[in-house]
Every structure is written in C-alpha cells, then in structure tokens.
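Survey of secondary and tertiary structure
Residue-level listing of the chains:
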Amino acid sequence: MKQLLNFLLIIIISILFAGIYGILHDQITFTISPEYYILLKFPQFGIENLEINTRIKVSIVGFLATWWVGLILGIVYAFISLFLDPEKVLKVTIYSILINLFITVIVGILGYWFAILFLSPENIDWYIPAGTKDIRNYINVGSIHNFGYIGGVIGLIAGVAYQIKKVKLYFK
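So, here's what we can say about the structure. These figures come from a predicted structure and were not determined experimentally. (Residues numbered from 1 in each chain as written. Predicted model: local features only at pLDDT ≥ 70, side-chain atom pairs only at ≥ 80, totals over all residues. Heavy atoms only, no water.)

**Quick word on the packing of helix α1 (residues 2-32) against helix α4 (residues 89-118)**
Threshold: Orientation is described by lines fitted to C-alpha atoms, with helices fitted over the stretch in contact, and by angles between N-to-C directions that extend from 0 to 180 degrees. Numbered from the N terminus, helices here are DSSP runs of H or I no shorter than four residues, and strands are runs of E no shorter than two. What sets the label is the angle itself: under 35 degrees gives roughly parallel, over 145 gives roughly antiparallel, 65 to 115 gives roughly perpendicular, and the rest give oblique. Should the near helix be turned anticlockwise from the far one by less than a right angle, the crossing is left-handed, and should it be turned clockwise, the crossing is right-handed. Residue contacts are counted whenever heavy atoms from the two residues lie within 4.5 Å of one another. Charged residues are taken to be Asp, Glu, Lys and Arg, nonpolar residues to be Ala, Val, Leu, Ile, Met, Phe, Trp, Tyr, Cys and Pro, and polar residues to be all remaining types, Gly included.
At a minimum axis separation of 11 Å, α1 and α4 run at an interaxial angle of 25°. Relative to α4, α1 is oriented roughly parallel. For the crossing formed where α1 meets α4, the hand is right-handed. Contacts between α1 and α4 involve N6, L9, I10, I13, S14, F17 and Y21 from the first element and V89, L90, T93, I94, I97, L98, L101, T104 and V105 from the second. Looking at the contact of α1 with α4, its residues break down into 12 nonpolar, 4 polar and no charged.

Right, dumping it as structure tokens:
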C-alpha cells in the first residue's frame, strides 16, 4: 500500500514541479518576447480572447505546456522508485526530479545563447506570425523553448541514471 501511495505521490509531485517550471519559464520568456505569446501561444492554446491579466494567461500557457511532461516523467520516476529503498524513495526521487529540472534550465539557457550566436530570420524556417515586430527576440524565445524540451530529455536520462545508481546500492 505504501508503494502505491509513493507511486502516486511521485507522479503528482512531478506534475506540480513541471507545471511550476512551465509557469516560471514562460514568465521569463514572455519578458523577452511578449509577441511569442500574444501572436503564437495564446491563439495556440485558445486563450487569446480570455479577459484576464496577460501574465495570468502566460501562467496558464506555461502550466498547460508542461504538466503533461511532468506526468510522463513522473510515471518513469515512479516505476523506477518501486525498486528503491522504501525508506529513501521520496528523497531519491525528488532529487532525481530536481536534477532533471536543473539540466532543463541550463540547456534552455544554452538555447538562448545558441539563438543569439547562430540563428537569424534568414537561416530558420520557423513559423513567424504576421505582425511580429521583434523577430530577433521571437527567435530567441523559440530557441529557448526548443532547447528546453531537449534539456528535459537529457535531464530525464540523468535523473534516471541517478535513480538506477541508488537502486544498485539498495540491492548490494
């Protein structure tokens, strides 16, 4: 019964961490390029006509864009947690999730610098909505988002590796 409770708790924690990450991430990237949200993300999520504060809309987009990633990651982490020391399962798994988040943030920052150094409107084939005035920052935010997903995968691999290391220690 305790394993089932831990399994579900890990999934919930992972969803919450991912959602909070998404909210904070999008608040920062909105500051860089409001047009990325106003012209692309709000219509994409069907909230362009919602009569609420723009920053709340950004938070909605951030949560909706990331909670499901937390679900997937949480299921992976929860499954591996079944093989961990029951006394340390939550500590180890939360640490794995934090490793995942840290790597995602770092790779997202690298995405910003990659955009600054290598991307321009002339060498990308991205959709840029009509009326976009600050294309440079639009591209920067698009790159941060793309790299963030890459960072999420790399972070998952690192988090799982950490969990597996702890599993091996448990079964020694």
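**Describing the side chain of T29**
For the record, the criterion: Each residue is placed in one exposure class: buried if its accessible area under a 1.4 Å probe, protein chains only, is under 20% of its type's maximum, exposed if it is over 50%, and partly exposed if it falls in between.
Tracing the backbone through its elements, the reader meets T29 in helix α1. Assessed through its relative accessible area of 2%, T29 is described here as buried. Filtering out sequence-adjacent residues up to four positions away, T29 remains in contact with Y37, V141, I144 and H145.

**Describing the nonpolar core**
Nonpolar side chains tend to gather and get buried jointly when the protein is soluble and globular. This is how it is decided: Nonpolar core, defined: a set of buried Ala, Val, Leu, Ile, Met, Phe, Trp, Tyr and Cys residues in which side-chain atoms within 4.5 Å join the residues together.
With 20 residues, the main nonpolar core has I10, Y77, L84, L156 and V160 as its most contacted residues. Elements that contribute at least two residues to this core include exactly α1, α3 (54-81), α4 and α5 (135-170). At 6 residues, α4 tops the list of elements feeding residues into this core. Not counting the four nearest positions on each side in its chain, L156 is found in contact with L73, V76, Y77 and N100. Core analysis: the next-biggest nonpolar cluster, separate from the first, contains 10 residues, Y36, Y37, I47 and V61 among them.

**Details of the environment of A161**
On the secondary structure map, A161 appears in helix α5. Using a relative accessible area of 44% as the deciding quantity, one classes A161 as partly exposed. It is 8.6 Å that separates the C-alpha atoms of A161 and S96, two residues lying 65 residues apart in sequence.

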